[in-house]
Amino acid sequence: MPFIEESDLLELHKDIDKAQIINERLLDQIKFKNKELKRSKIQRNILASVTSLFFIGVLAITSYLSGVSNSSAYENLENQSNLIVPRDSLYAFETRIASLKQQNDELSLIKEFYLAKQFLDKEKVYSVQVKSFVENNVSLASKALNNTLFVKTNPFYSYSLGNFETLEEAQRFRKQLVNMGFKDSFVASYKEGKRLKIEDPY
């Protein structure tokens, strides 16, 4: 077994001590650097949060002020009596409004026709018969007209004018037709498209 001399052993211990001192210094430096890094990280986080809060505050104030200015601008527009609009768009609006009015009028006429048709089908009405025909080959009026009746009364087809709710209205209309030359006209009552009876003409 080899022997180490005492001087070599002392040198070896000195080297170990030096290495331990260097290690301790390095550990101290690492701890110091870690503390600095933690401190700088905390500072960065604080700075980032303060900056984001600042931007959020600025955005909130800006949006609030723009909302206030938009509402005041809207109020100013409402208060202005003279609104500047291009003539082309005004003409387009006027044309569209006129078209919608015409469609509304047509729809109301159609509605009135169907309401009258429903009334004629369900209620007793009075009409003034002006002529009877043996055959159904006479087209005196369109079926779309709601104030005429063309009804089969065996063996004839009768043609009547006017649809009245009361007998008195039909009698007054008959008098006007007699004055115009329809001497043979008479008042009849109808229900569901069929003649019920001939009424008193006066």
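Quick note: structure is the one above.
Below or above, wherever it landed, is the structure these notes cover.

Calculation notes
Residues numbered from 1 in each chain as written. Predicted model: local features only at pLDDT ≥ 70, side-chain atom pairs only at ≥ 80, totals over all residues. Heavy atoms only, no water. Helix = DSSP H or I, 4+ residues; strand = E, 2+ residues; numbered from the N terminus. Buried < 20%, exposed > 50% of the residue type's maximum accessible area, 1.4 Å probe, protein only. Contact = heavy atoms within 4.5 Å. Areas by Shrake-Rupley, 256 points an atom, 1.4 Å probe, with all protein chains shown as cover. Core = buried A, V, L, I, M, F, W, Y, C linked by side-chain atoms within 4.5 Å. Patch = residues over 30% accessible without salt bridge, like charges linked within 9 Å, V, L, I, M, F, W, Y side chains within 5 Å. Salt bridge = Lys/Arg side-chain N within 4 Å of Asp/Glu carboxyl O. Lys, Arg positive; Asp, Glu negative; His and termini not counted. Charge placed at Lys NZ, Arg CZ, Asp CG, Glu CD.

When helices and strands are counted, the protein shows three helices and five strands. Reading the helices (α) and strands (β) of the protein from amino to carboxyl end gives α-α-β-β-β-α-β-β. Looking at the 202 residues of the protein, the share that counts as buried comes to 16%. Across the protein, the fraction of contacts at a sequence separation of at least 24, relative to all contacts at a separation of at least 6, is 60%. Approximately 17,000 Å² of the protein is accessible, and the part contributed by carbon and sulfur atoms is 59%.

Turning to the nonpolar core, a few remarks are in order. With eleven residues, the main nonpolar core is built from Tyr126, Val128, Val130, Phe133, Tyr159, Leu161, Phe164, Leu167, Ala170, Leu177 and Val187. Put simply, the parts of the chain that give this core at least two residues each are strand E1 (125-133), strand E3 (156-164) and helix H3 (167-180). In terms of residues, this core owes the most to one element, E1, which gives four residues. Not counting residues up to four positions away in its chain, the partners in contact with valine 130 are Tyr159, Ser160, Leu161, Leu177, Phe182 and Ser185.

Taken together, the side chains of Glu5, Asp8, Glu11 and Asp15 present a region of like negative charge at the surface. With respect to the element layout, glutamate 5 can be found in the segment before helix H1 (6-79).

Quick look at the environment of valine 134 now. Structurally, valine 134 can be placed in the loop between E1 and strand E2 (148-153). Separated by 20 residues in the primary sequence, valine 134 and asparagine 154 place their C-alpha atoms 9.2 Å from one another. Every residue in contact with valine 134, bar those within four places of it in the chain, is listed here: Pro155, Phe156 and Tyr157.

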